[in-house]
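If you want the building blocks of each chain, they are given just below.
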Amino acid sequence: MDIFYWVIALMLIGMGGFVGYSNWKIYFAARQLRERFLKTHENAKVIKMSMTKVWIYVLVLLVGFGVGVFLLMSPNAKITGSSALANGMVYIGLGVFALAMVGEALMDGQIIATEDAFVFEDQLIRFKNVRNVDVQKGFFKTSMLFLTQSKEMPVAKNTAMKIQELWLEWKKERKETAHTSRKERRAKARQERGQ
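Criteria and thresholds
- Residues numbered from 1 in each chain as written.
- Predicted model: local features only at pLDDT ≥ 70, side-chain atom pairs only at ≥ 80, totals over all residues.
- Heavy atoms only, no water.
- Patch = residues over 30% accessible without salt bridge, like charges linked within 9 Å, V, L, I, M, F, W, Y side chains within 5 Å.
- Areas by Shrake-Rupley, 256 points an atom, 1.4 Å probe, with all protein chains shown as cover.
- Salt bridge = Lys/Arg side-chain N within 4 Å of Asp/Glu carboxyl O.
- Lys, Arg positive; Asp, Glu negative; His and termini not counted.
- Charge placed at Lys NZ, Arg CZ, Asp CG, Glu CD.
- Helix = DSSP H or I, 4+ residues; strand = E, 2+ residues; numbered from the N terminus.
- Buried < 20%, exposed > 50% of the residue type's maximum accessible area, 1.4 Å probe, protein only.
- Contact = heavy atoms within 4.5 Å.
- Pairing = 2+ DSSP bridges.
- Axes fitted to C-alpha atoms, helices over the stretch in contact; angles between N-to-C directions.

1. Remarks on a positive patch on the surface
- Taken together, the side chains of R182, R185, R186, R190 and R193 define a basic patch exposed on the protein surface.
- Tracing the backbone through its elements, the reader meets R182 in helix α6 (residues 182-194).
- Since its relative accessible area comes to 56%, R182 is described here as exposed.

2. Describing the environment of M107
- Relative to the helices and strands, M107 resides in helix α4 (residues 82-108).
- In this structure M107 comes out as buried when scored by relative accessible area, which is 3%.
- Separated by 26 residues in sequence, M107 and V133 place their C-alpha atoms 19 Å apart.
- Ignoring anything within four residues of it in the chain, the contact list for M107 reads N23, I26, Y27, A30, R34 and E121.

3. Considerations on the sheet that holds strand β6 (residues 143-147)
- Pairing is antiparallel across the open sheet formed by three strands, whose spatial order is β5-β6-β7. Here the strands that pair on one side only, and so sit at the sheet edges, are β5 (130-134) and β7 (151-155). The mean inter-strand angle of the sheet, taken between neighbouring strand axes irrespective of direction, is 15 degrees.
- The strands touched by helix α5 (residues 157-176) are β5, β6 and β7; relative to β5, the strand with the most contacts, the crossing angle is about 135 degrees.

Below is the structure:
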């Protein structure tokens, strides 16, 4: 039975290490993009999303490392042998995986928007490139952001709702300030000359 726990522990640590490397690399790239974007766009507004996911992952991280270290250091671990070590490593692996997910949760917790674009994760997305925002109802359904060139981005429900709100506002403003046709411009110019 110990081999099962060792396999699970190695899988969690391996996957957590790989996902953590990817997530934290993207997080630092996103942070640099946001800093540059805020410096060049004084009118940009920072929209903070819920930090619930961050706190859940931090809690899992602390519990995983705490229980794992407790199992590895307890005097019973030396008596019972390898099963306590294997169980401790499973909890350490869970903590490593939670640490990997903290980077993603921090990255998804903020949107920076201007009148024509927004920064989400490590991407600058123009509203004109958004084709649709699909906000799903339900706990386990993923909301999607559909972009030009058949690109799709999975996003959290509250993030999708905020992006949809910003996008619809942009579309409304664009419609109100839309350019007139050539015929309308000529008629307006004739009218101004006639006065």
